[in-house]
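A look at the structure
Okay, here's what each chain looks like letter by letter:
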Number of protein chains: 2
Amino acid sequence: MKHYSICMIGFGNVGKAFARLVTRKSKQLLDEHQVAFIVTAIATGSHGRAIDHNGIDLEKALRLADGNKSLDQLSTIPAPESIEDFISVSSADFLLENSPVNYDTGEPAITHIRTALNSGMHAVSANKGPVVHAYKELNTLANKNNKCFLFESAVMDGAPIFSVFREALPSANIAGFKGILNSCTNLLLEKMESGASFEEAVEFAQSIGIAETDPSGDIDGWDASIKVAALATVLMGIPLKPQDVDREGIRGLTDEDFQKAKSCGKRWKLVCTVEREKGKISARVSPQMVPPTSPLFSVSGTSSFVIFKSDVLPGLGILESNPSPDTTAYGLLADMLNILK
Amino acid sequence: MKHYSICMIGFGNVGKAFARLVTRKSKQLLDEHQVAFIVTAIATGSHGRAIDHNGIDLEKALRLADGNKSLDQLSTIPAPESIEDFISVSSADFLLENSPVNYDTGEPAITHIRTALNSGMHAVSANKGPVVHAYKELNTLANKNNKCFLFESAVMDGAPIFSVFREALPSANIAGFKGILNSCTNLLLEKMESGASFEEAVEFAQSIGIAETDPSGDIDGWDASIKVAALATVLMGIPLKPQDVDREGIRGLTDEDFQKAKSCGKRWKLVCTVEREKGKISARVSPQMVPPTSPLFSVSGTSSFVIFKSDVLPGLGILESNPSPDTTAYGLLADMLNILK
């Protein structure tokens, strides 16, 4: 049996779900993989920081976080103020990076991951920012240090996308893909096709924690675009930024548009496409009416779907239905186990 | 660079597609994986056998097979008469087993694979028979001999199913799955919903090589059932035989049934389900009407789809659209590369 320690940046819904998942799975991980994970450091945005090299009591940490209390009291040593120092002092085997996404620069997540890789840690992240803004740099740094940088949960939560092409489909050359990658707008469009106004739909999505206080990142197609950029960058070797994606959000859709779709049995979906033809790349996010004969039609609620065209499989679709923070947390765990194997 | 030799049993559509694929991909395989594959033995059902330890000229073999001529002339040594001797005399690194499926016993494929594993070869197969009738035995034998037995192409052609759970989703516990696993009946149902009679639909499917001369294996649900059994056996640890699956084919569907589906906007699909609840297993193949809100609705032509429910991902669907022998051939190649990595 081998112990591996984890430094967590971020202890929101996904971080807490991860803590519950490794607790619930501990026996299975021991039996099947002969590993035990301990969390030795947690840094949060507004609930303090804790370092305990013997392992933080996760049940206590979850109770404190759920009760909106600071984690500071769990620290056995003074936690360094700078986050870089915090990461290196944690001297953990893994960094789990779950800070909020930054569409424009990918910071501060890039710095967190760079610090971890330079401190001899593997880095696993659910954050899309570092993938589109620093994939090449971080991947090169990881290779140089004989460590890994993985990010399965950055796109479609814990559904296997990057790992499928990396681990299961050797020598597949992807020509393009098409899909629904943003859960929030998919839910909003569904609400609106049932008669809700745009504002009512947003209010509903906010009430169940799917839309943020400022939902423009989703609504204006930025989240979908950064996911498109991440997939193109990693899987197709095309270093796209979200700004490179021809982007149209869902604000422009009117009641008439929904009526029109309904009358011909179609649905509005925020569709992402990337195509490489004759060396030319087109990357696009835009609302489209899809018919029932399309695999996108039945993608409902917060589910997502993507279909890849490659030289070896004319169409490989991956559907994730009913994701939750638990699903994202599993993507993080899967990355860690795939690194260790 | 390392050379690996292959003994092929079967040189029909899939075998020939494999020969074309490794030829087309040879440079990429060398660049990315530092491997070169040579085929040193081919045994066919009705076009002879060839062994050449220096490597059979695949272009010549394809020309002969396409011209309905015997491969015997490509042999540099007398090919043994018994297939077991043929396999061991080939002394290849890999056996590629593509003999016709036997729903009842899995033979002679099981014997071929056992012989290969006992001769120090890896075994890769697109044949479902050995998976449901001898998975445990062959897997144990492979482990004992430090070799591998893989069969990605046995279900949904080259779409990654077994490899996704084996390589990308560690410690996922599958509770059940639901899908469309038989291409032929899916095509027949589509033809019939467009007004064709059962006989006309079968005739069409036969004319494009999708239905066999005796199509009862597909039509009566045996092919779907053996795939259900293979998935349950390997992914859920439930050793099912096709005979254990509650099986209903598509012969019973009438014009009225298709009218009824059409009138409520649904489609008939041959649906496979396996559920494990409270320790009880139910496995079923039967025609069902599915609505446009189901991911099964848009699975058209010879495409297939399966969605898995697990303790870590509430719904992970995998869609393969427009498969062909090329897709199956890629599944074989992917298995080989995954074994070598």
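Above this text is the structure in question.
Residues numbered from 1 in each chain as written. Chains lettered and ligands numbered in written order. Predicted model: local features only at pLDDT ≥ 70, side-chain atom pairs only at ≥ 80, totals over all residues. Heavy atoms only, no water.

1. Quick notes on the packing of helix α4 (residues 83-90) of chain A against helix α5 (residues 109-118) of chain A
All names here are of chain A. This is how the line gets drawn: Only C-alpha atoms enter the line fits that serve as axes; for helices the fit covers just the stretch in contact. Angles between N-to-C directions range over 0 to 180 degrees. Segments assigned H or I by DSSP are reported as helices when at least four residues long, segments assigned E as strands when at least two residues long, and all are numbered from the N terminus. In this scheme the crossing of two helices becomes right-handed for a clockwise turn of the near helix relative to the far one and left-handed for an anticlockwise turn of less than a right angle. Whether two residues are in contact is decided by their heavy atoms: any pair within 4.5 Å suffices. When residues are grouped by polarity, Ala, Val, Leu, Ile, Met, Phe, Trp, Tyr, Cys and Pro land in nonpolar, Asp, Glu, Lys and Arg in charged, and all others, Gly among them, in polar.
Two elements in contact, α4 and α5, have axes separated by 9 Å at closest approach and are oriented at 30°. α4 and α5 meet at a crossing whose hand is right-handed. Contacts from Ile 83, Glu 84 and Ile 87 in α4 reach Thr 111, His 112, Thr 115 and Ala 116 in α5. For the contact of α4 with α5, the per-class residue count stands at 3 nonpolar, 3 polar and 1 charged.

2. What about the environment of B:Asp311?
This is how it is decided: Using a 1.4 Å probe on the protein chains alone, a residue whose accessible area is under 20% of its type maximum counts as buried, one over 50% counts as exposed, and one in between counts as partly exposed. We define a polar contact as two N or O atoms separated by no more than 3.5 Å, with the added condition that, inside protein, one atom must be a possible hydrogen donor and the other a possible acceptor, whereas residues neighbouring each other in sequence contribute only through side-chain atom pairs.
Mapped onto the fold, B:Asp311 is located in the loop between β11 (304-310) and β12 (315-321). Given the relative accessible area of 29%, B:Asp311 is considered partly exposed. Spatially, the C-alpha atom of B:Asp311 lies 7.2 Å from that of B:Ala175, the residues being 136 residues apart in sequence. With sequence-adjacent residues up to four places away left out, B:Asp311 is seen in contact with A:Arg24, A:Lys25, A:Gln28, B:Ser171, B:Ala172 and B:Asn173. In this structure the side chain of B:Asp311 is engaged in a polar contact, spanning 2.5 Å, whose partner is the side chain of A:Lys25.

3. What to know about the environment of B:Met121
Residue and element names in this part refer to chain B. Within the secondary structure layout, Met 121 lies in the loop between α5 (109-118) and β5 (122-125). For Met 121, a relative accessible area of 0% translates into the label buried. A C-alpha to C-alpha distance of 17 Å links Met 121 and Asn 54, two positions 67 residues apart in sequence. In contact with Met 121, not counting residues within four places along its chain, are Cys 7, Ile 87, Ser 90, Ala 92, Asp 93, Phe 94, Leu 95, Ala 116 and Lys 147.

4. A closer look at the sheet that holds strand β8 (residues 246-247) of chain B
In any sheet, the strands associate via hydrogen bonds between backbone groups, in a parallel or an antiparallel arrangement. We count it as follows: What makes two strands pair is DSSP finding at least two bridges between them.
An order of β8(A)-β10(A)-β9(A)-β7(A)-β11(A)-β12(A)-β12(B)-β11(B)-β7(B)-β9(B)-β10(B)-β8(B) is seen for the 12 strands of this open sheet, with the pairing classed as mixed. Each edge of the open sheet carries a strand with a single partner, namely β8 (246-247) of chain A together with β8 of chain B. When strand β7 (residues 174-180) of chain A meets strand β11 (residues 304-310) of chain A, the two strands line up antiparallel, connected through 6 bridges. Bridging across to β11(A), A:Lys178 finds its partner in A:Ile307. Against the sheet, helix α8 (residues 183-193) of chain A contacts β7 and β9 (267-277) of chain A, and its axis sits at roughly 140° relative to β9(A).

5. Looking at the pattern of salt bridges
Basically, it comes down to this: Take a side-chain nitrogen of Lys or Arg and a carboxyl oxygen of Asp or Glu: if they are within 4 Å of each other, that pair is a salt bridge.
Per the counting criterion, the structure on display carries 30 salt bridges over all chains. A salt bridge links A:Glu167 to A:Lys341, with the nearest nitrogen and oxygen atoms 3.3 Å apart. Here A:Lys341 lies in the segment after α13 (325-340) and A:Glu167 lies in helix α7 (residues 162-168), a separation of 174 residues in the sequence. By relative accessible area, A:Glu167 is classed as buried at 10%. With its nearest N and O atoms 3.0 Å apart, the salt bridge here joins B:Glu190 to B:Arg267. Here B:Glu190, found in helix α8 (residues 183-193), pairs with B:Arg267, found in strand β9 (residues 267-277); they are 77 residues apart in sequence, far enough to count as distant. On the accessibility criterion, B:Glu190 (22% relative accessible area) is partly exposed.

6. A few points about α8(B)
Residues and elements named next belong to chain B. Where burial is concerned, most of α8 is hidden: 8 out of the 11 residues are buried. Regarding α8, the residues found buried are Ser 183, Cys 184, Thr 185, Asn 186, Leu 187, Leu 188, Leu 189 and Met 192. On the buried face of α8, the contacting elements are β7 (174-180), α9 (198-207), α10 (216-219), α12 (255-263) and β9. Near the N-terminus of α8, the side chain that reaches the backbone nitrogen of Cys 184, with its oxygen 3.4 Å away, is that of Asn 182. Note on α8: the residue one or two positions beyond its end, Gly 195, has a positive phi of about 110°.

7. A closer look at the relation of the copies chain A and chain B
Worth spelling out the cut-off: Overlaid copies result from least-squares superposition on C-alpha atoms, with residues included only where pLDDT is at least 70 in both.
Of the two same-sequence chains, chain A is brought onto chain B (RMSD 0.0 Å, axial shift 0.0 Å) by a rotation of 180°. Seen this way, the second copy is the image of the first under a two-fold rotation axis. Within chain A, the C-alpha atom positioned nearest to the axis of rotation is that of A:Ile318, 2.4 Å from it. In this assembly, 100% of the residues forming the interface of chain A have copies in chain B that are likewise at the interface, indicating an isologous arrangement.

8. Quick look at the nonpolar core
Quick reminder of the rule: Residues enter a nonpolar core if they are buried and are Ala, Val, Leu, Ile, Met, Phe, Trp, Tyr or Cys, with the set joined through side-chain atoms within 4.5 Å.
Counting 225 residues, the largest nonpolar core has A:Phe18, A:Phe37, B:Phe18, B:Phe37 and B:Phe149 as its most contacted members. Ignoring anything within four residues of it in the chain, the contact list for B:Phe37 reads B:Tyr4, B:Ile6, B:Val22, B:Leu29, B:Phe94, B:Leu333, B:Met336, B:Leu337 and B:Leu340. Judged by nonpolar contacts, the second largest core, of 18 residues, contains A:Val290, A:Leu296, B:Ile180 and B:Val290.

9. Notes on the interface of chain A and chain B
The following threshold applies: Buried area is a sum: the accessible area each of two parts loses on coming together, probed at 1.4 Å, counted once for each and added.
Each partner contributes residues to the interface: chain A has 46 residues there, and chain B has 46 residues. Roughly 3,400 Å² is buried in total at the junction of chain A and chain B, and carbon and sulfur atoms are behind 56% of that figure. Seen at the junction of chain A and chain B, the total is 6 salt bridges. We note a salt bridge from B:Asp311 to A:Arg24, for which the minimum N-O separation is 3.4 Å.

10. Looking at the environment of B:Arg247
Residue and element names in this part refer to chain B. Positionally, Arg 247 belongs in strand β8. By relative accessible area, which is 31% here, Arg 247 ends up partly exposed. Separated by 38 residues in the primary sequence, Arg 247 and Val 285 have C-alpha atoms spaced 4.8 Å apart. The contact partners of Arg 247, leaving out residues within four places of it in the chain, are Asp 220, Gly 221, Trp 222, Ser 225 and Val 285.

11. Topic: helix α4 (residues 83-90) of chain B
All names here are of chain B. Here is the rule: Summarising the geometry, the arc corresponds to the directions from the helix axis toward the C-beta atoms.
Every buried residue of α4 is accounted for by Ile 83, Phe 86, Ile 87 and Ser 90. Angular distribution of buried residues about the axis of α4 spans 95°; they occupy a single face of the element. Looking at the buried side of α4, the elements it contacts are β1 (2-9), β2 (35-43), β3 (49-51), β4 (94-97) and α5.

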